[in-house]
Amino acid sequence: MTRANIVLNSATPVDGSLPTFVIPHNHYRDFPNFSPVGGQGNGVLLYFGLIRDYKGLDDLTSAFDELTRRDASLRIVGKPKSVDVVARVSAFAESRSNVTTKFGYLSDEDLAAEVRQSSVVVLPYRAMHNSGALLLALSMARTVVAPRTPSTELIRDEVGAEWLHLYEGPSVTPGDLSDALDASAARAAGARPRFVGRDLADVGAGHSAAYRRVLGGHDSEDRTMLHYLVGGVRISLGSPSNTPGPRTHILNFLRAAGERNIGTRLFLASEFPLLGRFSRVEQTQYQNIGTARTVTVDVVRCVIMVWSGLVTFALSCGRECPAVLYERLSVFQSLTSFHRYKRSAVRVVEANGILSRETSRDRNISKAEWLTRAIERHVLRRADVVVAVSDSLASELVDFARLDRSRILVVPNGLDSSLLTVPRTTATHFTFGFVGSVVAWHDLNTVVASICKHLCEKKVLVDGRPVAVEIIGDGPALADLRELVETAGWTEFVSFAGRLPQADAIKRMAGWDVGIAGHRASSSSTMYHSPLKLYEYAGLGLEIVCTPSADARALQSSGAAVHLYRTEQDLVAILEHPEGFGRSPRDIQASRQSVADDHTWERRVDAVVDAAEAVRA
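All of these numbers come straight from a predicted model, not from anything done at the bench.

Q: Teacher, can you tell me more about the overall build of the chain here?
A: What the chain contains, in helices and strands, is 20 helices and 20 strands. Here the chain has a C-alpha radius of gyration of 26 Å; the compact-globule value for 617 residues is 25 Å, and the two agree. With respect to the principal axes defined by its C-alpha atoms, the chain has extents near 75 × 65 × 50 Å. Relative to its 617 residues, the chain shows a buried fraction of 54%. Counting only contacts in the chain whose residues sit at least 6 apart along the sequence, the fraction spanning at least 24 positions is 72%. Accessible surface, the chain: about 26,600 Å² in total, of which carbon and sulfur atoms supply 51%. Where the 69 positive side-chain charges of the chain centre and where its 69 negative ones centre are 5 Å apart.

In structure tokens form, the structure reads like this:
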């Protein structure tokens, strides 16, 4: 009987009812044949391994054939699995002076020699989950080109994007090859990628701990205890809530922790004495309040920070010593700094953005950025592990707080599995919907205008139905959006439901066909958020029209129907081909289940706990 799962990375689908241990594949640096050696600037692109059709070798030869660089050459070595493959590759090589081959099994010594004589290792696979070839090439300090998948994104986050170049789409392109060659040539001599937890000693210890836990058993007294600290006084977990996004995130994290037999204690500032009133404050109440009132609000926040800290200390004195202190970063808050066990527990801080900058510049509801910035940097720098919701945010945090990148763990949002039980309904209109805060960086004016101009006004039928738009939520940009709709005469196409309780919002969303998520960069140079609404859309079986993000690409690879656009012209091109929308009920249900299997909150919790245990070890 299976009693636990051991997986090589957190992107592996598993039976969520069993304990799961993530024990990474070891690196090869300690093997004499595969130690890192120079030679990374000679322009050789190397493919090695078994030569099979699914490995994408034809895609690689096509891309290389279109490469215009004269300094590049292609080397193909390995054991073919068919005569046809040998014939195709041989014919390609014989007609080109910069392509060479070596067919047959390679010993470790021969393989190591081939890698040392290359600049870039190309793995043009059409699918990839775990790859020993990828880790071997990185162990020998070679730049690697591989497909973008949830598992390869995890490795890229670990070693750095300069070492692992991930290509989009079904096949590698000439541009991917050229970029990797440039990166290899520019790298300093002696540079090596960073590995985390891949030493043989770490891997062995991980397996030993897993077997001890499973064979030895455990009860509630032995389980990991985690204190979850939330300093945002507007965040409440009741329904309705003025902060549905954070509410969903927190509740799912706590539920998943319970599923993993992790004990949790919640320290929620909005439930502290005297602070409950602030959870009833709506975002729109901060709009246009003037400088004097904004300064007054900042002073009140400082008082709240001290009071929250004192309450946190008092509550923690009456609790057991936790293994982990997990704080959701908030403006004007540092609850962990007041916790009694801050020096004995592993301190984990979850960052969802550069909050001091967003509060002062994007929302314009603070005049004390210098102070909020100092507090935010203090919290981040004191953390043993910083959880970032995206790789882009991780890079921002490194620059903002001068953090060591190895201390940052990228853990995006996850899918609430209860969404799978919500039945879908078919409305009279083919509906594009948006749910969330209506703010400038969602660019709803552009999206709604494009839908109305190219579909609604032209009376285009999609899936045999006229098109409509529905907006659920409120926010500082809502008034401008309403004015646009009224001025343009689109009120018959666009409806506004306002802010709804979560259950009511989900019920209405189940009747939509397409979810909208037009996130773009605000005060930052990049869009670094992990949009929770993408997971809600996918869990309900909606198609998604959104700007690119790591979350969107991961959902797409899991089977969600995602239409990506970067510019207004891209969006218009999507809308002008309405035949691209619409799926059968069977396909919708299959995509819902596939996404749920790949993006559970349990796996997110596992990643955090594993990182904390690594610090403790």
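From this point, the narrative continues.
Q: Just to check I follow, could you spell out the side chain of Thr-248 for this structure?
A: As for its position among the elements, Thr-248 is in helix H8 (residues 244-259). Here Thr-248 falls in the buried class, since its relative accessible area comes to 8%. Those residues in contact with Thr-248 that lie beyond four places of it in its chain are Gln-502, Leu-532 and Glu-536.

Q: Please clarify how the nonpolar core should be interpreted in this entry.
A: Where a protein is soluble and globular, its nonpolar side chains tend to be buried together. If you look at the biggest cluster of nonpolar residues, it comprises 56 residues, and the most contacted ones within it are Phe-432, Ile-451 and Tyr-537. At eight residues, the largest contribution of residues to this core is made by helix H13 (residues 444-456). Apart from residues no more than four positions distant in its own chain, Tyr-537 is found in contact with Gly-433, Phe-434, Val-435, Met-509, Trp-512, Gly-515, Ile-516, Ala-517, Leu-542 and Ile-544. With 53 residues, the next largest nonpolar core counts Ala-72, Ala-133, Ala-137 and Val-172 among its residues.

Q: Help me understand the sheet that holds strand S3 (residues 44-48), please; the structure alone is not making it clear to me.
A: The strands that make up a sheet pair up through hydrogen bonds in the backbone, lying either parallel or antiparallel. Reading across the sheet, the six strands line up as S5-S4-S3-S6-S7-S8 and stay open at both edges, with parallel pairing between neighbours. Because the sheet does not close on itself, it has two edges, and the strands there are strand S5 (99-103) and strand S8 (164-167). Neighbour-to-neighbour, the strand axes of this sheet turn through a mean angle of 20°, independent of strand direction. When strand S6 (residues 120-122) meets strand S7 (residues 143-147), the two strands line up parallel, connected through three bridges. Its bridge partner lying in S7, Val-122 is registered against Val-145. Those strands touched by helix H3 (residues 108-116) are S3, strand S4 (73-78) and S5, and its axis lies near 150° from that of S3. Helix-sheet contacts for helix H5 (residues 150-159) involve S7 and S8, and the interaxial angle to S8 is about 150°.

Q: Help me understand the pattern of salt bridges in this model?
A: Think of it this way: side chains of opposite charge can pair up when their charged atoms draw near. The full count for this structure, using the stated rule, is 20 salt bridges. Measuring nitrogen to oxygen at the nearest pair gives 3.0 Å for the salt bridge that ties Glu-369 to Arg-361. Glu-369 gets classed as buried once you look at its relative accessible area, which sits at 16%. Taking the shortest distance from any N to any O, the salt bridge between Asp-463 and Arg-465 comes out at 3.3 Å. One salt-bridge network, in which partners are shared between bridges, spans Arg-148, Glu-153, Glu-168 and Arg-553.

Q: Looking at this structure, I do not really get the packing of aromatic side chains. What am I missing?
A: Two aromatic rings, taken as a pair, are described by how far apart their centres are and by the angle between their planes. Summed over the entire model, instances satisfying the criterion amount to nine aromatic pairs. Residues Phe-430 and Phe-581 carry aromatic rings whose centres are separated by 6.1 Å and whose planes lie at 55° to one another, so their mutual orientation is tilted. One end of the pair, Phe-430, is in strand S15 (residues 430-435); the other, Phe-581, is in the loop between helix H18 (568-575) and helix H19 (585-598), and 151 residues separate them in sequence. Here Phe-430 matches Phe-581 in class, with each residue buried. Ring pairs connect the aromatic residues Tyr-28, Phe-31 and Phe-34, which therefore count as one cluster. One cation-aromatic arrangement involves Arg-277 over Phe-278; the distance from NZ or CZ to the ring centre is 6.0 Å. In this arrangement the basic side chain of Arg-377 is found over the ring face of Phe-400, its NZ or CZ atom lying 4.8 Å from the centre.

Q: Sorry, what's going on with the confidence of the model for the chain here?
A: The predicted structure's coordinates, where accompanied by low pLDDT, should not be read in detail. Residues at a pLDDT of 70 or more form 93% of the chain, whose mean pLDDT is 87. The weakest mean pLDDT in the chain belongs to helix H7 (residues 200-216) at 74; the strongest belongs to strand S16 (residues 467-472) at 97. Every residue in residues 217-222 scores below 50 in pLDDT, and together they form four contacts with partners more than four places removed in sequence or on other chains.

Q: Would you mind going over the packing of H13 against H18 with me for this structure?
A: Geometry of a packed helix pair, given as the angle between the helix axes and the separation of the axes. Close contact between H13 and H18 brings their axes to 10 Å; oriented N to C, the two are set at 35°. The crossing of H13 and H18 is right-handed. Residues Thr-446, Val-447, Ser-450, Ile-451, His-454 and Leu-455 of H13 form the contact with H18, whose participating residues are Glu-568, Leu-571, Val-572 and Leu-575. Partitioning the contact of H13 with H18 into residue classes produces six nonpolar, three polar and one charged.

Q: Mind showing me how you'd approach the environment of Gly-414 here?
A: Following the sequence through the fold, Gly-414 ends up in the loop between strand S14 (408-410) and S15. Note: C-alpha distance between Gly-414 and Ser-530 (116 residues apart in sequence) is 9.5 Å. Apart from the residues within four sequence positions on either side, Gly-414 is in contact with Leu-532, Tyr-535, His-599, Trp-601 and Arg-604.

Q: So what exactly am I meant to see when it comes to the packing of helix H1 (residues 57-65) against helix H2 (residues 83-94) here?
A: With their axes 11 Å apart at the nearest point, H1 and H2 run at an angle of 15° to one another. In terms of orientation, H1 and H2 fall into the roughly parallel class. Like other packed secondary-structure pairs, H1 and H2 cross with a definite hand, here left-handed. Contact residues: Leu-57, Asp-58, Thr-61, Phe-64 and Asp-65 in H1; Arg-88, Val-89 and Phe-92 in H2. Grouping the constituent residues of the contact of H1 with H2 by class yields four nonpolar, one polar and three charged.

Rules and cut-offs
What you see as residue numbers is a count from 1 along each chain, following the sequence as written. At least 70 in pLDDT is required for a residue's local features to be given in this predicted model, at least 80 for side-chain atom pairs to be given and counted, and no such filter applies to totals for whole chains, interfaces and linings, which use all residues. For side-chain calculations, the full set of non-hydrogen atoms in the structure is used, while hydrogens and water are omitted. Segments assigned H or I by DSSP are reported as helices when at least four residues long, segments assigned E as strands when at least two residues long, and all are numbered from the N terminus. Here the radius of gyration uses the C-alpha set of atoms, whereas the globule reference equals 2.2 Å times the residue count to the power 0.38. Relative accessibility thresholds used throughout: buried, under 20% of the residue-type maximum; exposed, over 50%; partly exposed, between the two (1.4 Å probe, protein chains only). Residue contacts are defined here by distance: any two heavy atoms, one from each residue, within 4.5 Å place the two residues in contact. Residue-level accessible areas treat just the shown protein chains as cover; the underlying method is Shrake-Rupley with a 1.4 Å probe. In this tally Asp and Glu are treated as negative and Lys and Arg as positive; neither His nor the chain ends contributes. A charge is said to be at NZ when it belongs to Lys, at CZ for Arg, at CG for Asp and at CD for Glu. Grouping buried Ala, Val, Leu, Ile, Met, Phe, Trp, Tyr and Cys residues that are joined through side-chain atoms within 4.5 Å yields what is termed a nonpolar core. Between any two strands, pairing holds if DSSP finds at least two bridges. Lines fitted to C-alpha atoms define the axes, with helix axes restricted to the stretch in contact, and inter-axis angles between N-to-C directions lie between 0 and 180 degrees. Salt bridges are defined as contacts in which a side-chain nitrogen from Lys or Arg sits within 4 Å of a carboxyl oxygen from Asp or Glu. For Phe, Tyr and Trp, rings pair up if their centres lie within 6.5 Å, where Trp contributes its six-membered ring, and each pair is then called stacked (planes under 30 degrees apart), edge-to-face (over 60) or tilted (otherwise). Only when the NZ of Lys or the CZ of Arg is both within 6 Å of the ring centre and within 35 degrees of the ring normal is a charge said to sit over the ring. Every residue carries a pLDDT, the predictor's confidence in it, which falls somewhere between 0 and 100. Two helices crossing with the near one rotated counterclockwise from the far one by less than a right angle form a left-handed crossing, whereas a clockwise rotation gives a right-handed crossing. Charged residues are taken to be Asp, Glu, Lys and Arg, nonpolar residues to be Ala, Val, Leu, Ile, Met, Phe, Trp, Tyr, Cys and Pro, and polar residues to be all remaining types, Gly included. Throughout this description, any angle smaller than 35 degrees is read as roughly parallel, any larger than 145 degrees as roughly antiparallel, any in the 65 to 115 degree range as roughly perpendicular, and the remainder as oblique.

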